[in-house]
Amino acid sequence: MNKNNINFQVHRTKEGTIFEIVSALLVLMSLALSVILFFKVREAGSAMLIHTGIISFCVLLMLVLAYQPSTFNIPDNSPASLFIATVRFLRITAVLLGLMALGVTVSAYLSFSPQLVFGVFGFLFVPALCWYLAVYMKAKRKKQS
């Protein structure tokens, strides 16, 4: 584990609760649609149930890690704003993964290629990643000064 010198704790906030509820709703809708697809077309439905299970685990992992700042790989003596940005990035990633799970399940249900879903996921994820990297680099430069 990373031994950060900052004593940072993540508390329950309205923002965090909203991210968690949205993530849970997206995963539950994907799961429900996967179950419907399973009863409609067994082969496609079983694959979608596995896909939804894997993505659900990833979403849960992102949300749990948001409350574990000791696991963040952040340089020592980083400002608290970097920890806050990391928590926000993990929550955004959880919502985006939930959207991707729902999109892929809908595409399987409607029998069309999920390429558009993956493209939209990338279109949304890349700016979030760039934002996080910009915040990270700014904090790193500020620490060196």
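All figures in this text were calculated on a predicted structure; none of them were measured in a lab.

Procedures and definitions
Residues numbered from 1 in each chain as written. Predicted model: local features only at pLDDT ≥ 70, side-chain atom pairs only at ≥ 80, totals over all residues. Heavy atoms only, no water. Patch = residues over 30% accessible without salt bridge, like charges linked within 9 Å, V, L, I, M, F, W, Y side chains within 5 Å. Areas by Shrake-Rupley, 256 points an atom, 1.4 Å probe, with all protein chains shown as cover. Salt bridge = Lys/Arg side-chain N within 4 Å of Asp/Glu carboxyl O. Helix = DSSP H or I, 4+ residues; strand = E, 2+ residues; numbered from the N terminus. 1 Å grid on protein atoms, 1.4 Å probe; cavity = no way out; pocket = protein on both sides within 12 Å on 5 of 7 lines; lining within 4 Å. Points joined across faces, edges and corners; volume = space filled by probe spheres on them. Nonpolar A, V, L, I, M, F, W, Y, C, P; charged D, E, K, R; others polar. Buried < 20%, exposed > 50% of the residue type's maximum accessible area, 1.4 Å probe, protein only. Polar contact = N/O pair within 3.5 Å; in protein donor to acceptor, adjacent residues only side chain to side chain. Axes fitted to C-alpha atoms, helices over the stretch in contact; angles between N-to-C directions. Parallel < 35°, antiparallel > 145°, perpendicular 65-115°, else oblique. Left-handed = near helix turned anticlockwise from the far one by under 90°.

A.B. asks: For a nonpolar patch on the surface, give the residues involved together with the corresponding values.
C.D. replies: The grouping of L99, L116, V120, F123 and L124 at the surface amounts to a nonpolar patch, some 510 Å² of accessible area in total. Among the elements that take part in the nonpolar patch, helix α4 (residues 115-144) stands out by supplying four residues, more than any other.

A.B. asks: Describe the layout of surface pockets, with residues and values.
C.D. replies: To locate leftover empty space, one rolls a probe as large as a water molecule over the atoms. Of the pockets and cavities examined, the largest pocket occupies roughly 160 Å³. Taken together, F8, Q9, V10, H11, T13, E15, I84, V87, R88 and R91 make up the lining of the largest pocket. Among the elements that take part in the lining of the largest pocket, helix α3 (residues 80-109) stands out by supplying four residues, more than any other. Here the residues of the lining of the largest pocket sort into four nonpolar, three polar and three charged.

A.B. asks: I'd like a rundown of the environment of L90, residues and numbers included.
C.D. replies: Secondary-structure assignment places L90 in helix α3. When the C-alpha positions of L90 and A66 are compared, they lie 6.0 Å apart, and in sequence the two are 24 residues distant.

A.B. asks: I'd love a proper account of the environment of S34, names of residues and values included.
C.D. replies: Structurally, S34 can be placed in helix α1 (residues 14-40). For S34, a relative accessible area of 0% translates into the label buried. Here the alpha-carbon distance between S34 and T105, two residues 71 residues apart in the chain, equals 6.4 Å. Here the side chain of S34 touches S30 through a polar contact of 2.9 Å, landing on its backbone oxygen.

A.B. asks: Quick rundown of the packing of α1 against α3? Include the residues and the values.
C.D. replies: Running from N to C, α1 and α3 cross one another at 20 degrees; their axes reach a closest spacing of 9 Å. As judged from the angle between their axes, α1 and α3 are roughly parallel. Helix-helix and strand crossings are classified by hand; for α1 and α3 the assignment is left-handed. Its residues placed into classes, the contact of α1 with α3 shows 17 nonpolar, six polar and four charged.

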